[in-house]
Amino acid sequence: MNFISKAIFTSVLFFVAAVSAQSVATVLNEKGSFRKDLRFSVKTASQQETFVPVTVIKGAQNGPVFSIVAGIHGYEYPPIIAVQELLNDIKPENLRGTIIIVPVANVEAFQKRTPFINPLDQKNLNNAFPGSSNGTATDQIADIITKEIISNSEIFLDIHGGDANEDLLPFVCYYDRKDTPDNTKLAQNLASRSQMSPIVSYPYNLTQTDHAKYAFKQATQQGITALSIEAGKLGTVQKENIDMIKNAVYNMLEYSGNYHRVGFKTTEKKAKVLNRQDYIRVPEDGIFYSHLKSGESVHVSQVLGYITDVFGKKKQEILSKTDGVILYKVGTPPVNKGETLFCIGYSSKK
């Protein structure tokens, strides 16, 4: 059985074995060390039904509550498979504190192989936070993650990758929230300890009443240390990205004091830090051509690619507005007006 089929087999067993959900807070208060698999049911007024799987692994010794979510986008496979392997690897007896894991947040999108959106209601879960307890399926999933996972966390890690059409450079990121300096510093340190490069710092300008939309931005808004890993691309499974994600998670858990790998030593290396982003949107529908790949450097006024109509006639060239590195781009031919065509990361003095 190869590593993919093992993970899928484990996933099937997990879904069968999970029990009806208590609240996560109730489980956290239980004594002793254990693993408990939970299912949070979702049922809407229009009879949409799904569930959110949650695993709580509690160690015998005290320590932080570290939460990990994968599969907010069900077509981003390396994060999901990496977390499936972590579910088998992490043992309560080797753990300090508690790890809460959502192995596949968007079960319907995963099972139906649907990029970006939940097929039950056509909504993007990564645009739905904090969610609503009486909304559609996606709204309720976001509400469950907000109330049951984020609100019970001290550290929150959201793991993503490149969806079906996204060519993505692996990176780790956090929000630079100035009014919670301790949380921001811990997020910086966890990102650095992950050994992933580059580290991307996003600006943070939400008020407490704004909708965060994104899961780890919701955690940041709630005053919780939060960050995200991005690894994997184009809706496929790559073993090197699965291994990269697992290594980054273990390095973070080591730094947080949750987990120690006997005989393993982290090799320190300096990461590139990118604290600004330029998002280039698709100007009009068409067919996109570009020889550039994620991770490549670009410069101001460089031609990044061009768009044609369905008859092959060139309509627009796409130019870079900055010097930087391609964090992700559309990696497949069809493009639609308003989509993010390129995200270019770069550094500037604060």
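The structure displayed is predicted, hence computed values, not measured ones.

Analysis parameters
- Residues numbered from 1 in each chain as written.
- Predicted model: local features only at pLDDT ≥ 70, side-chain atom pairs only at ≥ 80, totals over all residues.
- Heavy atoms only, no water.
- Salt bridge = Lys/Arg side-chain N within 4 Å of Asp/Glu carboxyl O.
- Buried < 20%, exposed > 50% of the residue type's maximum accessible area, 1.4 Å probe, protein only.
- Helix = DSSP H or I, 4+ residues; strand = E, 2+ residues; numbered from the N terminus.
- Contact = heavy atoms within 4.5 Å.

(A) Geometry of the pattern of salt bridges. For the coordinates displayed, the defined rule picks out 14 salt bridges. The partner of Arg35 in a salt bridge is Asp37, with the nearest N and O atoms 3.0 Å apart. Look at Arg35 and you get partly exposed, because its relative accessible area is 34%. Of the charged contacts in the structure, one is a salt bridge between Glu85 and Lys246, with a shortest N-O distance of 2.9 Å. With Glu85 in helix H3 (residues 77–89) and Lys246 in helix H8 (residues 239–256), this residue pair connects regions lying 161 residues apart in the sequence. Since its relative accessible area comes to 17%, Glu85 is described here as buried. The exposure class of Lys246 is buried, given its relative accessible area of 15%. Each of the salt bridges in this network shares a partner with another, and the network as a whole consists of Glu85, Asp89 and Lys246.

(B) Representation of the environment of Pro283. By the element assignment, Pro283 lies in the loop between strand S14 (276–281) and strand S15 (286–289). When the C-alpha atoms of Pro283 and Lys337 are compared, they prove to be 5.3 Å apart, with 54 residues separating the residues in sequence. If we ignore the near neighbours within four places in the chain, the residues touching Pro283 are Ile307, Gln316, Ile318 and Lys337.

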